[in-house]
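Overview (structure and organization)
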Amino acid sequence: MPILNVHVGPLELQNPVMPAAGTFGYGEEYASLIDLNQLGAIVTKGISLTPQQGNPPPRIWETCGGVLNSIGLHNVGVEVFAQERLPFLRRFSTPVIVNFFGHTIDEYVEVAQKVSALEGVAALEANLSCPNIKEGGIHFGSTYTSVAKITNSLIRTIKLPIIIKLSSQVSSIDEIAKAAEGEGAHAITLINSVPAMAIDLGSRRPLLGGVTGGLSGPAIKPIALKTVWEAATAVKIPIIGAGGITNYKDALEFLIAGATAVQVGTANFKNPRTMVEIIEGLDAFLRQNGIDDLKEIIGSLKP
Ligand SMILES: Cc1cc2nc3c(=O)[nH]c(=O)nc-3n(C[C@H](O)[C@H](O)[C@H](O)COP(=O)(O)O)c2cc1C
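Now for a look at the structure at hand. From a predicted model like this one, the values you see are computed outputs, not experimental measurements. (Residues numbered from 1 in each chain as written. Predicted model: local features only at pLDDT ≥ 70, side-chain atom pairs only at ≥ 80, totals over all residues. Heavy atoms only, no water.)

1. Brief notes about unusual backbone geometry
Residue proline 58 follows proline 57 across a cis peptide bond; omega there is -10°. Structurally, proline 58 can be placed in the loop between strand S4 (42-43) and strand S5 (60-63). Of note, the amide linkage connecting leucine 190 to isoleucine 191 takes the cis form, showing an omega dihedral of 10°. You will see that arginine 204, though not glycine, has its phi angle at about 55°, which is positive. (Helix = DSSP H or I, 4+ residues; strand = E, 2+ residues; numbered from the N terminus.)

2. Focus: the sheet that holds strand S9 (residues 162-165)
A sheet is described by the order of its strands in space; here 8 strands give the open sequence S3-S16-S15-S10-S9-S8-S7-S4, paired in parallel fashion. Each having just a single partner strand, strand S3 (17-19) and S4 make up the two edges of the open sheet. As defined by bridge partners, S9 adjoins strand S10 (residues 187-190) across 3 bridges and the pair is classed as parallel. Its bridge partner being in S10, isoleucine 163 is matched across the sheet by alanine 187. Across the sheet, helix H3 (residues 144-157) touches strand S7 (96-100), strand S8 (123-127) and S9, and the angle it forms with S9 is around 165°. (Pairing = 2+ DSSP bridges. Contact = heavy atoms within 4.5 Å. Axes fitted to C-alpha atoms, helices over the stretch in contact; angles between N-to-C directions.)

This is how it looks when you write it as C-alpha coordinates:
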(Lines give C-alpha, C1' and ligand atoms only; values in the text may rest on other atoms or scores of the structure.)
Protein backbone atom coordinates (compact mmCIF):
# COMPACT_ATOMS: atom_id res chain seq x y z
CA MET A 1 0.00 0.00 0.00
CA PRO A 2 1.67 3.28 -1.01
CA ILE A 3 1.72 5.94 1.71
CA LEU A 4 -0.42 8.95 0.79
CA ASN A 5 -0.45 10.80 4.11
CA VAL A 6 1.19 14.22 4.40
CA HIS A 7 1.81 16.80 7.14
CA VAL A 8 0.59 20.36 6.71
CA GLY A 9 2.31 21.97 9.67
CA PRO A 10 1.02 20.12 12.75
CA LEU A 11 -1.90 18.65 10.80
CA GLU A 12 -1.57 15.08 9.65
CA LEU A 13 -3.74 14.35 6.61
CA GLN A 14 -4.51 10.83 5.36
CA ASN A 15 -3.97 12.11 1.81
CA PRO A 16 -3.12 15.49 0.26
CA VAL A 17 -6.50 16.21 -1.42
CA MET A 18 -9.07 18.70 -0.14
CA PRO A 19 -11.68 21.08 -1.57
CA ALA A 20 -10.83 24.73 -2.28
CA ALA A 21 -12.79 27.20 -0.12
CA GLY A 22 -16.07 28.38 -1.56
CA THR A 23 -16.54 25.54 -4.01
CA PHE A 24 -17.72 22.96 -1.47
CA GLY A 25 -20.11 25.01 0.67
CA TYR A 26 -20.01 23.60 4.20
CA GLY A 27 -19.80 20.02 2.90
CA GLU A 28 -23.47 19.08 3.15
CA GLU A 29 -24.39 19.27 -0.54
CA TYR A 30 -21.53 16.93 -1.44
CA ALA A 31 -22.09 14.37 1.32
CA SER A 32 -24.64 12.42 -0.70
CA LEU A 33 -22.29 12.34 -3.70
CA ILE A 34 -18.95 11.39 -2.13
CA ASP A 35 -17.73 9.96 1.17
CA LEU A 36 -16.31 12.97 3.03
CA ASN A 37 -14.25 10.57 5.18
CA GLN A 38 -12.11 9.81 2.14
CA LEU A 39 -10.80 13.38 1.80
CA GLY A 40 -7.53 14.66 3.25
CA ALA A 41 -9.38 17.63 4.76
CA ILE A 42 -12.58 19.61 4.34
CA VAL A 43 -12.22 23.36 3.68
CA THR A 44 -15.31 25.48 4.30
CA LYS A 45 -16.68 28.49 2.47
CA GLY A 46 -15.09 31.71 3.83
CA ILE A 47 -16.69 32.80 7.12
CA SER A 48 -16.97 36.36 8.44
CA LEU A 49 -18.06 37.95 11.71
CA THR A 50 -21.58 38.65 10.44
CA PRO A 51 -23.57 37.12 7.56
CA GLN A 52 -22.78 38.68 4.15
CA GLN A 53 -25.09 38.91 1.15
CA GLY A 54 -22.23 39.11 -1.35
CA ASN A 55 -22.34 40.87 -4.72
CA PRO A 56 -25.36 41.45 -7.00
CA PRO A 57 -26.05 38.85 -9.76
CA PRO A 58 -24.89 37.60 -12.18
CA ARG A 59 -22.19 36.15 -9.94
CA ILE A 60 -20.92 33.29 -12.10
CA TRP A 61 -19.91 33.41 -15.77
CA GLU A 62 -18.36 30.55 -17.69
CA THR A 63 -15.35 31.48 -19.81
CA CYS A 64 -13.00 29.57 -22.07
CA GLY A 65 -11.28 27.04 -19.80
CA GLY A 66 -12.60 28.52 -16.60
CA VAL A 67 -15.21 30.29 -14.54
CA LEU A 68 -15.49 33.93 -13.50
CA ASN A 69 -17.10 34.50 -10.13
CA SER A 70 -17.99 37.57 -8.14
CA ILE A 71 -19.72 35.88 -5.23
CA GLY A 72 -18.26 38.57 -2.94
CA LEU A 73 -17.81 36.17 -0.02
CA HIS A 74 -21.54 35.58 0.60
CA ASN A 75 -21.68 33.50 3.79
CA VAL A 76 -23.79 32.65 6.84
CA GLY A 77 -21.49 34.33 9.42
CA VAL A 78 -19.66 32.74 12.32
CA GLU A 79 -22.68 32.27 14.66
CA VAL A 80 -24.85 30.37 12.15
CA PHE A 81 -21.78 28.42 11.05
CA ALA A 82 -21.18 27.33 14.64
CA GLN A 83 -24.80 26.39 15.33
CA GLU A 84 -26.04 25.01 12.01
CA ARG A 85 -23.15 23.99 9.78
CA LEU A 86 -20.27 22.77 11.94
CA PRO A 87 -22.30 20.07 13.81
CA PHE A 88 -22.80 18.30 10.47
CA LEU A 89 -19.06 18.33 9.73
CA ARG A 90 -18.26 16.91 13.18
CA ARG A 91 -19.80 13.60 12.09
CA PHE A 92 -16.78 12.93 9.89
CA SER A 93 -13.25 11.95 10.88
CA THR A 94 -11.77 14.31 8.25
CA PRO A 95 -10.05 17.43 9.68
CA VAL A 96 -12.05 20.62 9.10
CA ILE A 97 -10.17 23.71 7.93
CA VAL A 98 -12.24 26.88 8.26
CA ASN A 99 -11.57 29.56 5.64
CA PHE A 100 -12.29 33.05 6.98
CA PHE A 101 -11.83 36.76 6.37
CA GLY A 102 -12.38 40.17 7.88
CA HIS A 103 -12.57 43.76 6.73
CA THR A 104 -9.89 44.91 9.18
CA ILE A 105 -7.02 43.15 10.94
CA ASP A 106 -8.96 43.28 14.22
CA GLU A 107 -11.90 41.62 12.50
CA TYR A 108 -9.67 38.81 11.14
CA VAL A 109 -8.48 38.18 14.70
CA GLU A 110 -12.00 38.32 16.13
CA VAL A 111 -13.37 35.80 13.62
CA ALA A 112 -10.35 33.54 14.15
CA GLN A 113 -10.84 33.67 17.93
CA LYS A 114 -14.50 32.72 17.64
CA VAL A 115 -13.86 29.91 15.16
CA SER A 116 -10.89 28.48 17.02
CA ALA A 117 -13.00 28.18 20.18
CA LEU A 118 -15.36 25.77 18.39
CA GLU A 119 -15.08 22.02 18.85
CA GLY A 120 -14.17 20.16 15.68
CA VAL A 121 -12.07 22.79 13.89
CA ALA A 122 -8.58 21.53 13.00
CA ALA A 123 -7.06 24.63 11.40
CA LEU A 124 -7.86 28.08 10.04
CA GLU A 125 -7.20 29.35 6.52
CA ALA A 126 -7.04 33.16 6.40
CA ASN A 127 -8.17 34.47 3.02
CA LEU A 128 -5.85 37.39 2.26
CA SER A 129 -6.51 37.20 -1.45
CA CYS A 130 -10.18 37.54 -2.43
CA PRO A 131 -10.31 39.43 -5.74
CA ASN A 132 -13.95 40.49 -5.55
CA ILE A 133 -14.68 42.41 -2.38
CA LYS A 134 -14.23 46.16 -2.08
CA GLU A 135 -12.52 46.28 1.31
CA GLY A 136 -10.00 43.75 2.50
CA GLY A 137 -9.40 40.57 0.53
CA ILE A 138 -6.60 40.85 -1.97
CA HIS A 139 -5.30 44.13 -0.48
CA PHE A 140 -4.34 42.37 2.74
CA GLY A 141 -2.23 39.89 0.80
CA SER A 142 -0.51 42.39 -1.51
CA THR A 143 2.35 43.75 0.58
CA TYR A 144 5.04 42.26 2.78
CA THR A 145 4.04 44.55 5.66
CA SER A 146 0.33 43.74 5.67
CA VAL A 147 0.88 39.97 5.34
CA ALA A 148 3.44 40.09 8.16
CA LYS A 149 1.15 42.20 10.36
CA ILE A 150 -1.94 40.06 9.96
CA THR A 151 -0.03 36.77 10.30
CA ASN A 152 1.64 38.06 13.46
CA SER A 153 -1.72 39.12 14.96
CA LEU A 154 -3.21 35.69 14.24
CA ILE A 155 -0.24 33.66 15.43
CA ARG A 156 -0.03 35.62 18.71
CA THR A 157 -3.68 35.05 19.60
CA ILE A 158 -4.77 31.76 18.01
CA LYS A 159 -3.66 28.30 19.13
CA LEU A 160 -4.81 26.36 16.06
CA PRO A 161 -2.61 26.04 12.96
CA ILE A 162 -2.87 29.12 10.73
CA ILE A 163 -2.76 28.76 6.95
CA ILE A 164 -2.37 32.00 4.98
CA LYS A 165 -4.08 32.04 1.58
CA LEU A 166 -2.33 34.27 -0.92
CA SER A 167 -2.78 35.57 -4.47
CA SER A 168 -0.63 35.14 -7.55
CA GLN A 169 -1.23 38.85 -8.28
CA VAL A 170 1.74 40.27 -6.40
CA SER A 171 5.04 41.59 -7.66
CA SER A 172 7.11 39.11 -5.67
CA ILE A 173 5.44 35.98 -4.26
CA ASP A 174 8.67 34.82 -2.62
CA GLU A 175 8.80 38.00 -0.48
CA ILE A 176 5.10 37.75 0.43
CA ALA A 177 5.43 34.05 1.28
CA LYS A 178 8.46 34.86 3.45
CA ALA A 179 6.39 37.47 5.32
CA ALA A 180 3.88 34.76 6.29
CA GLU A 181 6.60 32.24 7.18
CA GLY A 182 8.62 34.81 9.12
CA GLU A 183 5.69 35.55 11.43
CA GLY A 184 5.01 31.88 12.14
CA ALA A 185 2.33 30.82 9.64
CA HIS A 186 2.06 27.02 9.60
CA ALA A 187 1.34 26.79 5.86
CA ILE A 188 0.45 28.84 2.79
CA THR A 189 -2.30 28.22 0.24
CA LEU A 190 -1.70 29.40 -3.33
CA ILE A 191 -3.52 30.56 -5.41
CA ASN A 192 -6.87 32.29 -5.09
CA SER A 193 -8.83 33.10 -8.26
CA VAL A 194 -7.20 35.63 -10.60
CA PRO A 195 -8.79 39.11 -10.99
CA ALA A 196 -10.65 39.20 -14.31
CA MET A 197 -13.75 40.47 -16.14
CA ALA A 198 -16.07 39.86 -19.10
CA ILE A 199 -18.21 42.29 -21.16
CA ASP A 200 -21.60 41.81 -22.79
CA LEU A 201 -21.30 43.15 -26.33
CA GLY A 202 -25.01 43.94 -26.79
CA SER A 203 -25.33 46.16 -23.72
CA ARG A 204 -21.62 47.02 -23.43
CA ARG A 205 -22.02 46.30 -19.73
CA PRO A 206 -19.89 44.06 -17.53
CA LEU A 207 -21.26 40.52 -17.46
CA LEU A 208 -20.73 40.24 -13.71
CA GLY A 209 -22.89 42.16 -11.26
CA GLY A 210 -19.75 42.96 -9.29
CA VAL A 211 -18.15 44.31 -12.54
CA THR A 212 -14.92 42.37 -11.97
CA GLY A 213 -14.46 38.93 -10.45
CA GLY A 214 -12.03 36.07 -10.06
CA LEU A 215 -11.04 33.59 -12.76
CA SER A 216 -10.67 29.95 -11.69
CA GLY A 217 -10.45 26.54 -13.37
CA PRO A 218 -8.01 25.04 -15.91
CA ALA A 219 -7.26 28.46 -17.47
CA ILE A 220 -5.29 29.48 -14.36
CA LYS A 221 -3.41 26.22 -13.76
CA PRO A 222 -0.11 27.31 -15.35
CA ILE A 223 -0.18 30.57 -13.34
CA ALA A 224 -0.90 28.65 -10.15
CA LEU A 225 1.84 26.12 -10.82
CA LYS A 226 4.47 28.80 -11.37
CA THR A 227 3.37 30.68 -8.24
CA VAL A 228 3.50 27.52 -6.12
CA TRP A 229 6.93 26.62 -7.47
CA GLU A 230 8.30 30.11 -6.73
CA ALA A 231 6.90 30.12 -3.20
CA ALA A 232 8.08 26.57 -2.52
CA THR A 233 11.63 27.50 -3.41
CA ALA A 234 11.45 30.56 -1.11
CA VAL A 235 9.99 29.09 2.10
CA LYS A 236 10.22 25.87 4.12
CA ILE A 237 6.64 25.79 5.43
CA PRO A 238 4.20 23.58 3.48
CA ILE A 239 2.38 25.01 0.46
CA ILE A 240 -1.15 23.90 -0.42
CA GLY A 241 -1.51 24.26 -4.20
CA ALA A 242 -4.76 25.31 -5.87
CA GLY A 243 -5.79 26.52 -9.30
CA GLY A 244 -7.27 24.53 -12.15
CA ILE A 245 -6.67 21.05 -10.75
CA THR A 246 -9.06 18.62 -12.46
CA ASN A 247 -7.32 15.21 -12.28
CA TYR A 248 -4.50 13.31 -10.59
CA LYS A 249 -1.96 14.37 -13.21
CA ASP A 250 -2.64 18.04 -12.42
CA ALA A 251 -2.27 17.23 -8.72
CA LEU A 252 1.07 15.51 -9.38
CA GLU A 253 2.37 18.57 -11.23
CA PHE A 254 1.65 20.70 -8.15
CA LEU A 255 3.31 18.17 -5.85
CA ILE A 256 6.39 18.01 -8.08
CA ALA A 257 6.50 21.83 -8.09
CA GLY A 258 6.72 21.70 -4.28
CA ALA A 259 3.16 21.65 -2.95
CA THR A 260 2.59 19.35 0.03
CA ALA A 261 -1.17 19.16 -0.57
CA VAL A 262 -3.66 20.29 -3.18
CA GLN A 263 -7.10 21.89 -3.27
CA VAL A 264 -9.73 21.23 -5.91
CA GLY A 265 -12.22 24.01 -6.60
CA THR A 266 -14.02 24.68 -9.88
CA ALA A 267 -13.64 21.05 -11.00
CA ASN A 268 -16.07 20.03 -8.22
CA PHE A 269 -18.87 21.86 -10.05
CA LYS A 270 -18.43 19.72 -13.16
CA ASN A 271 -17.68 16.43 -11.47
CA PRO A 272 -18.30 16.18 -7.72
CA ARG A 273 -16.24 12.97 -7.63
CA THR A 274 -13.08 14.75 -8.85
CA MET A 275 -11.32 14.66 -5.45
CA VAL A 276 -12.06 10.96 -4.90
CA GLU A 277 -10.82 10.19 -8.41
CA ILE A 278 -7.63 12.18 -7.74
CA ILE A 279 -6.95 10.22 -4.53
CA GLU A 280 -7.47 6.94 -6.42
CA GLY A 281 -5.33 8.21 -9.31
CA LEU A 282 -2.45 9.15 -7.00
CA ASP A 283 -2.58 5.74 -5.34
CA ALA A 284 -2.55 3.96 -8.73
CA PHE A 285 0.30 6.17 -10.01
CA LEU A 286 2.50 5.34 -7.01
CA ARG A 287 1.82 1.61 -7.40
CA GLN A 288 2.51 1.63 -11.14
CA ASN A 289 5.79 3.49 -10.62
CA GLY A 290 6.97 1.49 -7.62
CA ILE A 291 6.96 4.55 -5.34
CA ASP A 292 6.29 3.70 -1.68
CA ASP A 293 5.56 7.16 -0.34
CA LEU A 294 3.93 10.18 -1.98
CA LYS A 295 6.37 12.41 -0.10
CA GLU A 296 9.08 11.25 -2.52
CA ILE A 297 7.24 13.19 -5.23
CA ILE A 298 6.94 16.47 -3.32
CA GLY A 299 9.38 19.09 -4.59
CA SER A 300 11.01 16.60 -6.96
CA LEU A 301 11.14 18.99 -9.94
CA LYS A 302 14.32 18.48 -11.93
CA PRO A 303 16.22 21.45 -13.34
C1 LIG B 1 -17.48 30.20 -6.58
C2 LIG B 1 -16.17 30.37 -5.87
C3 LIG B 1 -16.15 30.81 -4.54
C4 LIG B 1 -14.94 30.96 -3.86
N5 LIG B 1 -14.94 31.37 -2.55
C6 LIG B 1 -13.77 31.45 -1.86
C7 LIG B 1 -13.75 31.76 -0.47
O8 LIG B 1 -14.78 31.91 0.19
N9 LIG B 1 -12.53 31.88 0.15
C10 LIG B 1 -11.34 31.68 -0.53
O11 LIG B 1 -10.27 31.79 0.07
N12 LIG B 1 -11.33 31.34 -1.85
C13 LIG B 1 -12.51 31.23 -2.51
N14 LIG B 1 -12.50 30.85 -3.84
C15 LIG B 1 -11.21 30.55 -4.51
C16 LIG B 1 -10.94 29.02 -4.50
O17 LIG B 1 -10.86 28.53 -3.19
C18 LIG B 1 -9.64 28.68 -5.27
O19 LIG B 1 -8.55 29.30 -4.62
C20 LIG B 1 -9.66 29.13 -6.73
O21 LIG B 1 -10.96 28.97 -7.28
C22 LIG B 1 -8.66 28.38 -7.58
O23 LIG B 1 -8.90 26.99 -7.60
P24 LIG B 1 -9.75 26.25 -8.78
O25 LIG B 1 -9.20 26.75 -10.08
O26 LIG B 1 -9.55 24.80 -8.56
O27 LIG B 1 -11.19 26.67 -8.61
C28 LIG B 1 -13.71 30.70 -4.54
C29 LIG B 1 -13.74 30.25 -5.87
C30 LIG B 1 -14.95 30.07 -6.54
C31 LIG B 1 -14.93 29.57 -7.96
